[in-house]
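Structural overview
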Amino acid sequence: MTLKVYLSGEIHTDWREQIVEGATGLDVAFDSPVTDHAASDDCGVAILGAEDNKYWHDHKGAMVNAIRTRKGIADADVVVVRFGEKYKQWNAAFDAGYAAALGKSLIVLHGPDHAHALKEVDAAALAVAEEPRQVVEILRYVLTGELPG
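These remarks concern the structure in this document. As the structure is a computational prediction, the values presented were derived from the model and not from experiment.

**Comments concerning the nonpolar core**
Within soluble globular proteins, side chains that are nonpolar tend to cluster in buried spots. The biggest cluster of nonpolar side chains holds 17 residues, and the ones touching the most others in it are Val5, Ile19, Val80, Val135 and Leu139. Among the secondary structure elements, those contributing two or more residues to this core are strand 1 (3-9), helix 1 (15-22), strand 3 (78-82), strand 4 (105-109) and helix 6 (132-144). No other element matches the four residues that helix 6 contributes to this core. Ignoring sequence-local partners within four residues, the contact set of Val5 consists of Val28, Ala29, Phe30, Asp31, Val78, Val80 and Leu139. Core analysis: the next-biggest nonpolar cluster, separate from the first, contains 14 residues, Ala76, Ala92, Val108 and Leu118 among them.

**Side note on the pairing of strand 4**
For strand 4, a buried count of four out of five residues is recorded, marking the element as mostly surrounded by other parts of the structure. Pairing between strand 3 and strand 4: five bridges, direction parallel. Paired with Arg82 across the bridge in strand 4 is Leu109. Running through helix 4 (residues 90-101), the crossover from strand 3 to the neighbouring parallel element strand 4 is right-handed. Where strand 4 meets strand 5 (residues 127-129), three bridges bridge the pair, whose relative direction is parallel. Along strand 5, the bridge assignment pairs Leu109 with Ala129. Handedness of the β-α-β unit built from strand 4, helix 5 (residues 119-124) and strand 5 comes out right-handed.

**Some thoughts on the side chain of Lys60**
For Lys60, the location among the structural elements is in helix 3 (residues 54-75). If we ignore the near neighbours within four places in the chain, the residues touching Lys60 are Gly44, Val45, Leu48, Gly49, Ala50 and Glu51.

**Details of the packing of helix 1 against helix 6**
Their axes nearest at 9 Å, the elements helix 1 and helix 6 cross at an angle of 35°. Considering only the axes of helix 1 and helix 6, their crossing is right-handed. Between helix 1 and helix 6, the contacting residues are Trp15, Gln18, Ile19 and Gly22 on the first element and Pro132, Val135, Val136, Leu139 and Arg140 on the second. Here the residues of the contact of helix 1 with helix 6 sort into six nonpolar, two polar and one charged.

What counts, and where the lines are drawn
Residues numbered from 1 in each chain as written. Predicted model: local features only at pLDDT ≥ 70, side-chain atom pairs only at ≥ 80, totals over all residues. Heavy atoms only, no water. Core = buried A, V, L, I, M, F, W, Y, C linked by side-chain atoms within 4.5 Å. Buried < 20%, exposed > 50% of the residue type's maximum accessible area, 1.4 Å probe, protein only. Helix = DSSP H or I, 4+ residues; strand = E, 2+ residues; numbered from the N terminus. Contact = heavy atoms within 4.5 Å. Pairing = 2+ DSSP bridges. Right-handed = clockwise from strand over helix to strand, strands pointing away. Axes fitted to C-alpha atoms, helices over the stretch in contact; angles between N-to-C directions. Left-handed = near helix turned anticlockwise from the far one by under 90°. Nonpolar A, V, L, I, M, F, W, Y, C, P; charged D, E, K, R; others polar.

What follows is the structure, encoded as structure tokens:
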């Protein structure tokens, strides 16, 4: 069984790479949003034309990025959403809600400091992990039935 896993959320650390590397040898296909922050922010105006108002600049980018995000989440068997330590990731919360609404298997990844703030998001998840390693262990268990150790 191949699992399609969409890695959503925080783009400032290497958590995606840790999961992809840790899952080497497993039958997993990974996808994610564009993680180049500048490209993600500016894609709308770069493709559709400049905007004087920052709201419309951001809005165009959000709409173009949503094409990839919606497709990635819709095609996924499992959606992993990472909430980082430094930034408020409203887009990550939106992605988690969208995945839950589609009935996707949702794994939420965040540190203990966010437990209270994300309690509703966590309640929609099938697993809440604190480390990328735990996500890999969940994927390994789902695919092979093997426990860590």
